[in-house]
Amino acid sequence: MALSKIHVLRLDPYNMQHAWLIPNLIPRLIDVANAIDMAGAQMVPSLLSRLYAKDPAVIVMVAVTDKGDIKGQGCAVITDGKAFILHPKMDEPSANDAVGEMLHAIEAWAVERGAPVATLLTSREDPKWLKKYGYGTTQYVSTKSLLQPLSTQ
């Protein structure tokens, strides 16, 4: 069976084509946050309230099918000038590199806001995955310099 193309969108809760995704996105974000001991039940409402308040230091990405089913998500915040990315996750492989597209969009957003480093918060360490996206492990925290030109992979 051929892999399907997934569309990667920056979530805008005031765009009616995006807003209906939020109820299905909430438990997915909570699960990812809980997997890395971030108290998802507290973190996600805070993240979404900042998104609704149009906080420029918050970004939420969703990966959807042509039918609008969520197949993946990623989000990040900038705190004290540093970007913290909650591990972008996909349910299944896609024809395009949706995780790479989400990471690239988040990294570009972070660079626009002056963040020199991205810190990837993840529940697991997969050296092959980290290398593919340019991250390295330092004390079990994965980081990537954003001072270099962003790759288009």
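All of the points below concern the structure found in this document. Everything numeric in this text was worked out from a predicted model, so none of it was measured. (Residues numbered from 1 in each chain as written. Predicted model: local features only at pLDDT ≥ 70, side-chain atom pairs only at ≥ 80, totals over all residues. Heavy atoms only, no water.)

1. Some details on the overall build of the chain
Reasoning step 1: When its secondary structure is counted, the chain shows 5 helices and 7 strands.
Reasoning step 2: When its helices and strands are written in sequence order, the chain yields β-α-α-α-β-β-β-α-β-α-β-β.
Reasoning step 3: Relative to the globule expectation of 15 Å for 153 residues, the C-alpha radius of gyration of the chain, 15 Å, shows essentially globular dimensions.
Reasoning step 4: Taking the principal axes of the C-alpha coordinates as reference, the chain spans close to 40 × 40 × 30 Å.
Reasoning step 5: Sorting the 153 residues of the chain into buried and exposed places 42% on the buried side.
Reasoning step 6: In the chain, the proportion of contacts linking residues at least 24 apart, taken out of those at least 6 apart, comes to 62%.
Reasoning step 7: Put simply, the chain shows about 8400 Å² of open surface, and 56% of that area lies on carbon and sulfur atoms.
Reasoning step 8: Positive and negative charge centroids in the chain, built from 15 and 15 side chains respectively, lie 2 Å apart. (Helix = DSSP H or I, 4+ residues; strand = E, 2+ residues; numbered from the N terminus. Rg over C-alpha atoms; globule rule 2.2 N^0.38 Å. Buried < 20%, exposed > 50% of the residue type's maximum accessible area, 1.4 Å probe, protein only. Contact = heavy atoms within 4.5 Å. Areas by Shrake-Rupley, 256 points an atom, 1.4 Å probe, with all protein chains shown as cover. Lys, Arg positive; Asp, Glu negative; His and termini not counted. Charge placed at Lys NZ, Arg CZ, Asp CG, Glu CD.)

2. Digging into the packing of aromatic side chains
Reasoning step 1: Counted according to the given criterion, the structure contains 1 aromatic pair.
Reasoning step 2: Ring geometry for Tyr-14 versus Tyr-52: centroids 5.9 Å apart, planes at 85°, classification edge-to-face. Here Tyr-52 lies in helix 3 (residues 40-52) and Tyr-14 lies in the loop between strand 1 (7-10) and helix 1 (16-19), a separation of 38 residues in the sequence.
Reasoning step 3: The exposure class assigned to Tyr-14 is partly exposed, which follows from its relative accessible area of 46%.
Reasoning step 4: The lysine or arginine in question, Lys-54, covers the ring of Tyr-14, its NZ or CZ lying 4.8 Å from the ring centre. (Phe/Tyr/Trp six-rings, centres within 6.5 Å; stacked < 30°, edge-to-face > 60°. Lys NZ or Arg CZ within 6 Å of the ring centre and 35° of its normal.)

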